[in-house]
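# Coordinate inspection notes
So you can see what is in the structure, the chains are spelled out below.
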Amino acid sequence: MGQLGTGNEIDQNIPAQIIGLTGVVGIVAGNNYSLALKSDGTVWGWGWNLTDGSQNNAPMQISNLHGIIAIEGGGFHSLALKNDGSIWAWGINEFGQLGDGNNTGTNWNLPVKVSNLNNVIDISAGLEHSLAVKSDGTVWSWGRNNHGQLGNGSNTDQNIPIQISGLNGVISVSGGWFHSFALKNDGTAWAWGQNGWGQLGNGTYTDTNHPVKLALCNLGIAENTNQPQILTLYPNPVETIFTIETPGMEKARFIFRDIHGRQIHIPPTGTNNRNEYNAVALQPGVYFVTAKSGTFQETVQILKLE
């Protein structure tokens, strides 16, 4: 289908460079198509275009998308997060997975704005449903809901985003075929949707249409939560310069990561227990800083503004 972006439809069993793309900062793969995000905030796509049956074997820029900071490829639809906190969607809309409020089945081959959502920090596209996290830690979902993958307590499809009740403090989401996951800032993971093969990890094989906590699962986002906080970061949200103080930690070491867990480098200035950092080079979004000293560590979330 041309989803390799090499300029032809020849399968490859070793990596081949995608033609005509430089400055790429993000990639995702959907169902027989691929997307790339460039550092200038533009999005490029190639492969199978199911909405009209066409295909492209080389990257083409997606019209009317600028200032994008994250992309997601689902089964037959795609999502893009702009630096103003809005979400844009395109592709098949059979179950309302584009979230623009149009009647189910109205497909779009150009991006449309997802309705009634702002201040979004993370997105995910499942097979036929979509998820978003807002800066206040709430989770919103829309699209197909035949196995409860929207997590709203029902099995009814939705063509506009609805909040998942009882789920707060979330920093990241992930949508599977018919199930969903959320990672909270306390290190716990929550799941909902199809569970016929135990994919929810809650010790049962029963579907659920509301979030359940994964058993014995702590992903280390906030260690030693029973200890008093000794790491202070301000201002937060961050625009450019921010300060970290660790008066209760000797010779603390700091590790910065993005929302996907990838380590990033931010050079410090200042003393050991009071350091200043310049975040001007960071894209808007959510980041984490972990302070380590001996066996003790503490992690806090950073929100970088546009």
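Residues numbered from 1 in each chain as written. Predicted model: local features only at pLDDT ≥ 70, side-chain atom pairs only at ≥ 80, totals over all residues. Heavy atoms only, no water.

Let us now look at the overall build of the protein. Scanning the protein from terminus to terminus reveals zero helices and 24 strands. Going through the 306 residues of the protein one by one, you find that 49% of them count as buried. For the protein, long-range pairs separated by at least 24 residues make up 48% of all intrachain contacts whose partners lie at least 6 apart in sequence. (Helix = DSSP H or I, 4+ residues; strand = E, 2+ residues; numbered from the N terminus. Buried < 20%, exposed > 50% of the residue type's maximum accessible area, 1.4 Å probe, protein only. Contact = heavy atoms within 4.5 Å.)

Here four strands make up an open sheet; going across it, the order is β9-β10-β11-β12 and the pairing antiparallel. What marks the edges here is a single partner per strand, and that holds for β9 (120-125) and β12 (158-163). For this sheet, the mean inter-axis angle between neighbouring strands, taken without regard to orientation, is 15 degrees. Summarising the sheet, strand β10 (residues 129-134) and strand β11 (residues 139-143) pair through five bridges and their orientation is antiparallel. Note that in β11 the partner of His129 across the bridge is Gly143. (Pairing = 2+ DSSP bridges. Axes fitted to C-alpha atoms, helices over the stretch in contact; angles between N-to-C directions.)

When its volume is computed, the largest pocket comes out at roughly 850 Å³. Taken together, 39 residues form the lining of the largest pocket, with Ile69, Ala70, Gln283, Pro284 and Gly285 sitting closest to its centre. Listed by contribution, the elements that provide at least two residues to the lining of the largest pocket are β1 (24-29), β2 (33-38), β5 (68-73), β6 (77-82), β9, β23 (285-293) and β24 (296-304). The leading source of residues in the lining of the largest pocket is β5, at five residues. For the lining of the largest pocket, the residue count by class is 21 nonpolar, nine polar and nine charged. In this structure, the second largest pocket is lined by 26 residues; those nearest its centre are Asn49, Asn56, Ile62, Trp90 and Asn109. Of all elements in the fold, only β2, β3 (43-49), β4 (54-61), β6, β7 (87-91) and β8 (108-113) reach the threshold of two or more residues within the lining of the second largest pocket. Of the residues forming the lining of the second largest pocket, the biggest block, five residues, is contributed by β3. (1 Å grid on protein atoms, 1.4 Å probe; cavity = no way out; pocket = protein on both sides within 12 Å on 5 of 7 lines; lining within 4 Å. Points joined across faces, edges and corners; volume = space filled by probe spheres on them. Nonpolar A, V, L, I, M, F, W, Y, C, P; charged D, E, K, R; others polar.)

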